[in-house]
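Chain by chain, the residues run as shown.
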Amino acid sequence: MTASLVPHWINGAHDHGTSDRSAPVFDPALGKETKRVVLANAADIEKAIASAHAAYPAWRDLSLARRQAIIFTFRELLNRRKGELAEIITSEHGKVLSDALGEISRGQEVVEFACAMTHMLKGSFSENASTGVDVYSTRQPVGVVGVISPFNFPAMVPMWFFPIAIAAGNTVILKPSEKDPTAAIWMAELWKEAGLPDGVFTVLNGDKESVDGLLTDPRVGAISFVGSTPIAQYVYETGSRHGKRVQALGGAKNHMLVLPDADLDLVADSAINAGFGSAGERCMAISVIVAVEPVADTLVEKIVSRMKTLTIGDGRRSCDMGPLVTEVHRDKVASYIDIAAQDGATIVVDGRGIEVDGDPNGYWLGPTLIDNVPTTSKVYTEEIFGPVLSIVRVKSYDEGVELINSGAFGNGTAIFTNDGGAARRFQNEVEVGMIGINVPIPVPVAYYSFGGWKNSLFGDTKAHGAQGFNFFTREKTMTSRWLDPSHGGINLGFPQN
Ligand code: NAD
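Residues numbered from 1 in each chain as written. Predicted model: local features only at pLDDT ≥ 70, side-chain atom pairs only at ≥ 80, totals over all residues. Heavy atoms only, no water.

Participant: Just checking my understanding: could you explain the nonpolar core for this structure?
Facilitator: Within soluble globular proteins, side chains that are nonpolar generally end up buried alongside one another. Core analysis: the largest hydrophobic core is formed by 70 residues, its most contacted members being Trp 160 and Phe 201. When residues in this core are grouped by element, the largest group, ten residues, is from helix α5 (residues 156-167). Domain assignment of the residues forming this core places at least three in each of domain 1 (4-250 + 456-479) and domain 2 (254-437). Those residues in contact with Phe 201, other than ones at most four positions away along the chain, are Trp 9, Phe 162, Ile 166, Val 172, Leu 174, Ala 184, Met 187, Ala 188, Trp 191 and Leu 196. Counting 61 residues, the second largest nonpolar core, distinct from the first, contains Val 267, Ala 291, Leu 324 and Ile 404. (Core = buried A, V, L, I, M, F, W, Y, C linked by side-chain atoms within 4.5 Å. Buried < 20%, exposed > 50% of the residue type's maximum accessible area, 1.4 Å probe, protein only. Helix = DSSP H or I, 4+ residues; strand = E, 2+ residues; numbered from the N terminus. Domains from an automatic or database assignment. Contact = heavy atoms within 4.5 Å.)

Below, the structure is given as structure tokens:
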């Protein structure tokens, strides 16, 4: 049987393109290829960009009220039919259905925020900046923008960007991950149903060739990228060199600092949720617990007893955690358990060979807990992106913060304590972009902006919130004087008053 082929979405319709290349799409809980996705060639990339470029002038000039009405409709359709999208996500990513619904809801919040574009796009006006001279500014769209997204949030991450970009009058080309591309096509169909004109939202399926096409084409004005750090850095440098504005969000290694006065039951619950939710394939997952002694032994006990209650299996059944996205990724994550043992860490719970409620061929790896992880080990220094939780024991708050600040990433972090002074010091001293205080996954709500520091974000603008509108618009400032016969004359200096 030939696997079905996931096409592009160009000019308001499915488009199978002209490329003879394709990539497998797996159902991770079944452990088999269920579809293939087309990988664009140069002609497909050209067709996608040309369509988005042609749609831009009319979309940019459509009234705010009419644009807003379309986005409201998209929100209503999404809200009503998000169950369909969740099933698609689970079948290609593997996360459990409730988690897939959760990511859609977080994306929907950005759609709701984008409806406020009538307010966010207001300019400013200063009357009589100089006598008879007015100065005012407007925000105009950038043009065609590219959104390049990772596998782990096939709906939410694209929605961090495209609702705001579209609301601001841009046209968008989404290049989703080739591992789970169908969510993007489903959202494109929904836009059409909501009344979005053809060409305003395009899905270009592909790999490096498509990304390079977007990064180098002069008709593309801005790039929003989310993915691993090496690719984020490449995208930032290449796009910037080609004159685009680029925001490139990279990888992470998020620490949870636990002070001795913390509520250890809350910490243990939070560590389980943030370490093993979505099988640890979240950029805001907690991957390292930094335990300030003497809490570590008690904490390990509490975490282990909770790990015993977790059910692992097919995300369509009522399990806590699903499989990893591919066999290759599962094997890579599992290899860190051997590295940890070689480096002298203590494997407290080994997730290999666990019992699952699902097909034996699925890409399974159970929750894994590793204690006494040396900070020189790759298990500590590298992003693992799986259900592997490390514990590093430190003697003091200062040692813990120094450790966190010495890392290459700066996406998210959390402190658990009942001491307000310590929490306040932490939020001031820690060099990370998003901070949780007794909150393990501090993902900002849509009207704030999402993004890390250091190797977790290249560029100076975060996703969504006010920064999203700034990124997808350019400010234009006018200085005007309407002729008045009583003013004039020659003056070679700057106007003074
Ligand atoms: P990835 O870097 O492999 O892929 C991301 C995108 O880049 C995909 O669309 C992919 O097709 C494309 N790509 C892959 N190789 C490329 C190349 N050589 N040249 C150009 N483009 C290329 O990332 P992934 O495995 O899909 O996602 C997981 C990563 O994303 C993790 O590192 C995770 O931390 C990160 N992530 C970060 C955030 C954040 O907000 N900082 C959010 C989600 C995921």
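Participant: How should I be thinking about the packing of helix α13 (residues 397-405) against helix α14 (residues 420-429) in this particular structure?
Facilitator: Packing of α13 against α14 leaves a shortest axis separation of 11 Å and a crossing angle of 25 degrees. Here α13 lies roughly parallel to α14, going by the angle between them. Note that α13 runs across α14; the crossing there is right-handed. Judged by residue contacts, Tyr 397, Asp 398, Val 401, Ile 404 and Asn 405 of α13 engage Ala 422, Arg 425, Phe 426 and Glu 429 from α14. Class assignment for the residues of the contact of α13 with α14 results in five nonpolar, one polar and three charged. (Axes fitted to C-alpha atoms, helices over the stretch in contact; angles between N-to-C directions. Parallel < 35°, antiparallel > 145°, perpendicular 65-115°, else oblique. Left-handed = near helix turned anticlockwise from the far one by under 90°. Nonpolar A, V, L, I, M, F, W, Y, C, P; charged D, E, K, R; others polar.)

Participant: Would you mind showing me how to read the sheet that holds strand β16 (residues 368-371) here?
Facilitator: Strand pairing in a sheet relies on backbone hydrogen bonds. The paired strands run either parallel or antiparallel. The seven strands are arranged β15-β16-β17-β14-β13-β19-β20 in an open sheet whose pairing can be described as mixed. Two strands lie at the open edges of the sheet, namely β15 (346-349) and β20 (434-437), each paired on one side alone. Each neighbouring strand pair of the sheet contributes to a mean axis angle of 20 degrees, computed without reference to strand direction. Of the pairings in the sheet, the one linking β15 to β16 comprises three bridges and is antiparallel in character. Paired with Val 349 across the two strands is Leu 369, which belongs to β16. (Pairing = 2+ DSSP bridges.)

Participant: Would you mind going over the site of the ligand with me for this structure?
Facilitator: Around the ligand sit 26 residues, and of these Lys 175, Glu 178, Ser 228, Gly 250 and Glu 383 come closest. At 2.6 Å, a side-chain N or O of Glu 383 approaches an oxygen atom of the ligand. Look at the ligand: alone it shows 840 Å² of surface, and the protein chains cover 88% of it. For the shell around the ligand, the secondary structure elements donating two or more residues are α7 (208-216) and β11 (220-226). Two domains each put at least three residues into the shell around the ligand: domain 1 (4-250 + 456-479) and domain 2 (254-437). (Near = heavy atom within 4 Å. Polar contact = N/O pair within 3.5 Å; in protein donor to acceptor, adjacent residues only side chain to side chain. Areas by Shrake-Rupley, 256 points an atom, 1.4 Å probe, with all protein chains shown as cover.)

Participant: Honestly, the sheet that holds strand β1 (residues 4-6) in this entry has me stumped. Any pointers?
Facilitator: Reading across the sheet, the three strands line up as β1-β5-β4 and stay open at both edges, with mixed pairing between neighbours. Of all strands in the sheet, those with a lone pairing partner are β1 and β4 (22-27), marking the two edges. For this sheet, the mean angle separating the axes of adjacent strands, direction not counted, is 40 degrees. Of the strand pairs in this sheet, β4 and strand β5 (residues 32-38) are connected by six bridges, and their pairing is antiparallel. Paired with Val 25 across the two strands is Lys 35, which belongs to β5. Strand contacts of helix α2 (residues 64-93): β4 and β5, with the helix running at about 105 degrees to β4, the strand carrying the most contacts.

Participant: Explanation requested: helix α11 (residues 327-342) in the structure shown.
Facilitator: Working note: α-helix, 3.6 residues per turn, so residues spaced by three or four point in the same direction. Along its 16 residues, α11 runs 23 Å from first to last C-alpha, staying within 8% of the 22 Å computed at 1.5 Å per residue. Residues of α11 that are buried: His 329, Arg 330, Val 333, Ala 334, Tyr 336, Ile 337 and Ala 340. Axial view of α11: buried residues confined to an arc of 130 degrees, hence all on one face. In this structure, α11 carries Val 328 and Gln 342 as exposed residues pointing more than 90 degrees from its buried face. Each element contacted by the buried residues of α11 is listed here: β15, β16, α12 (378-381) and β17 (388-394). Following α11 by one or two positions, Gly 344 has its phi on the positive side, about 90 degrees. (Expected span 1.5 Å × (residues − 1). Arc of directions from axis to C-beta.)

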